[in-house]
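# Descriptive analysis of the structure
For reference, the chains in residue letters:
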Amino acid sequence: MAAAKPTTRFIYFAVTILLLLSFFTSITSHETGDGDGDDDYEGIEELMALDEEEESQQKEGSHVKSSEAEVIAKAQRIVLELNSDNTRRIVDGSEFVLVLGYAPWCPRSAELMPQFAEAATSLKELGSPVVMAKLDAERHPKTASSLGISGFPTLLLFTNGTSQPYTGGFSSEEIVIWVRKKTGVPVIRINSLTEAEEFPKKHPMFAIGLFKDFVGHEYEEFVKAATSHNEIQFVEVNDIEVAKVLFPNIKPNNLFLGLVKSEMERYTMYEGRFEMDQILDFLDHNKFPLVTILTELNSIKVYSSPIKFQVFVFTKADAFKNLLTPLQEVARKFISKIMVVSVDITEDNLAKPFLTLFGLEDSEDTIVTAFDNKISSKYLLESDPTPSKIEEFCSGLLNGTLSPHFRSQPIPDNKEESIQIVVGKTFDSMVLSSNKNVLLEVYSPWCIDCETTSKQMKKLAKHFKGLDNLIFARIDASANEHPKLQADDYPALLFYKADDKSNPIKLSTKSSSKDLAAFINKNIGVQDQVSKDEL
């Protein structure tokens, strides 16, 4: 490694001196309690200025590109580290401060941190007045609480000391867009061909508006939509040639709106009225790629999508590489109507919550599922997940011809069992279609109170052993589903009379075994000839 230049050594020496001075000043101020902290704040600004000077001198002395580690290190230097001493001073003394509250052990904080640092670099290059700062909320809990940070990670924008919650996306570009919009730059105006050629290189997605003049109702609605939408950068042009660089197949008129994305489905034209709500609806239905890869950072955005039909493909990363292109071709046929999402099946935090809904949490094979969020129904592709089968599955979802999927354990062998085991697949045959009375215990393995009810069921089954018109049964509701299983909590006891299976009688699980036996005798018309002492 080359020796440091004299100038660089001097800078490091100066920085060290400043840090020591700042440290002792901070201690003195803390002990006396009569300082206002202005000197400390100026020290931070001076340190940042020295850092910029060092970067400038390094650029002049070398044309070698920084490594990825150097880029990250540079970005992290731009982000101020808050603590219990400097937080209030920086937050109250700056016009805009975006604060990231994090915990060192939090995986989502670790995932967001580099995106935050990269956004800080971009905002600095754009000349944004926003101060980017982070606070270890675990190390400084009182300071975190005073700012309104209670979970990790938390992003808050402070404007002259007053906070507002962050509502944008979590990629570096989305953070930059949100911050610029909230600090006065909702729309970027592009005037030249050169600007138009360079803009897409830094913005993988943006909305473009073409206006003859930047006035009138349509333009006002465009700006309102730009201000309201937190994820997409808006640009405006009034030159058709400039517009064609950004959107090649633009219509030659004086009013146009389109969405540009850096993927296969690159250009999407808006054909509605220039009203804010309609523009926002268009963007929210078209902003996702043909196939969205689910991550921790975009999960909330995916779950809150206005597209109510969603198809999830769970597969391993290697298999997804081969499936991506045909899957994109399928998704193109249902664009803005069905959202196609890919999930790495090996990512337990992302995949298991969904697969558990289908009883497939241990599967390692490719699985295709779907959700209709309008009616809270779920569906499972039970054939091989080939592109043609997935397309057929999507068509059925859109047309309402798919049969909802209900979770079920494998069908058990109930021979010689005094209490029959019912699963999702046998609920119809064993309960609803049976010509016998059925007392059904609905339970869950994690239910503490279910054990007492199970003991009562065993006593009752033994007590009424030999009756041909009565079945005792139980179903694990955490692993089995049926649309006509009516139980809101566990444990539950449901009595299905032989002549009225559509209206089960819910019995109190607080009842004694003798009371339950009396109810059964009354409803099945059999006189109790067994001593009640057995119960």
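Just above, that's the structure.
### Quick look at the side chain of N286
Mapped onto the elements of the fold, N286 is located in helix 11 (residues 276-286). Residue N286 is classed as buried on the basis of its relative accessible area, which comes to 9%. Discounting residues that sit within four places of it in the chain, N286 has contacts with L259, K261, T268 and S336.

### Digging into helix 15 (residues 387-399)
Over its 13 residues, helix 15 extends 18 Å from the first C-alpha to the last, a length consistent with the 18 Å expected when each residue adds 1.5 Å. Within helix 15 the residues assigned to the buried category are I390, F393, C394, G396 and L397. One side of helix 15 holds all its buried residues, which, seen down the axis, span an arc of 160°. Those residues of helix 15 that are exposed and aimed more than 90 degrees away from the buried face are S388, E392 and N399. Directly beyond the C-terminal end of helix 15, a positive phi value near 75° is found at G400.

### A short note on the state of the cysteines
For the coordinates displayed, the defined rule picks out one disulfide. Each sulfur of the disulfide joining C447 and C450 lies 2.4 Å from the other. Taking the sign of the torsion about the S-S bond as the criterion, the disulfide between C447 and C450, at about 95°, is right-handed. We classify C450 as buried; its relative accessible area is 3%.

### Observations regarding the pattern of salt bridges
With the rule as written, the count across this model stands at 18 salt bridges. Taking the shortest distance from any N to any O, the salt bridge between R88 and D92 comes out at 3.1 Å. In this pair, R88 and D92 are both assigned in helix 4 (residues 87-93), four residues apart and thus about one turn of the helix distant. Looking at D92, the relative accessible area reads 43%, which means it is partly exposed. Close ionic contact of K378 with E481 constitutes a salt bridge, the shortest N to O distance being 2.5 Å. Note that K378 is positioned in strand 15 (residues 377-380) and E481 in the loop between strand 18 (470-476) and strand 19 (492-497), a separation of 103 residues in sequence. With relative accessibility at 10%, the residue K378 sits in the buried group.

Reading guide: rules and limits
Residues numbered from 1 in each chain as written. Predicted model: local features only at pLDDT ≥ 70, side-chain atom pairs only at ≥ 80, totals over all residues. Heavy atoms only, no water. Helix = DSSP H or I, 4+ residues; strand = E, 2+ residues; numbered from the N terminus. Buried < 20%, exposed > 50% of the residue type's maximum accessible area, 1.4 Å probe, protein only. Contact = heavy atoms within 4.5 Å. Expected span 1.5 Å × (residues − 1). Arc of directions from axis to C-beta. Disulfide = S-S within 2.5 Å. Salt bridge = Lys/Arg side-chain N within 4 Å of Asp/Glu carboxyl O.

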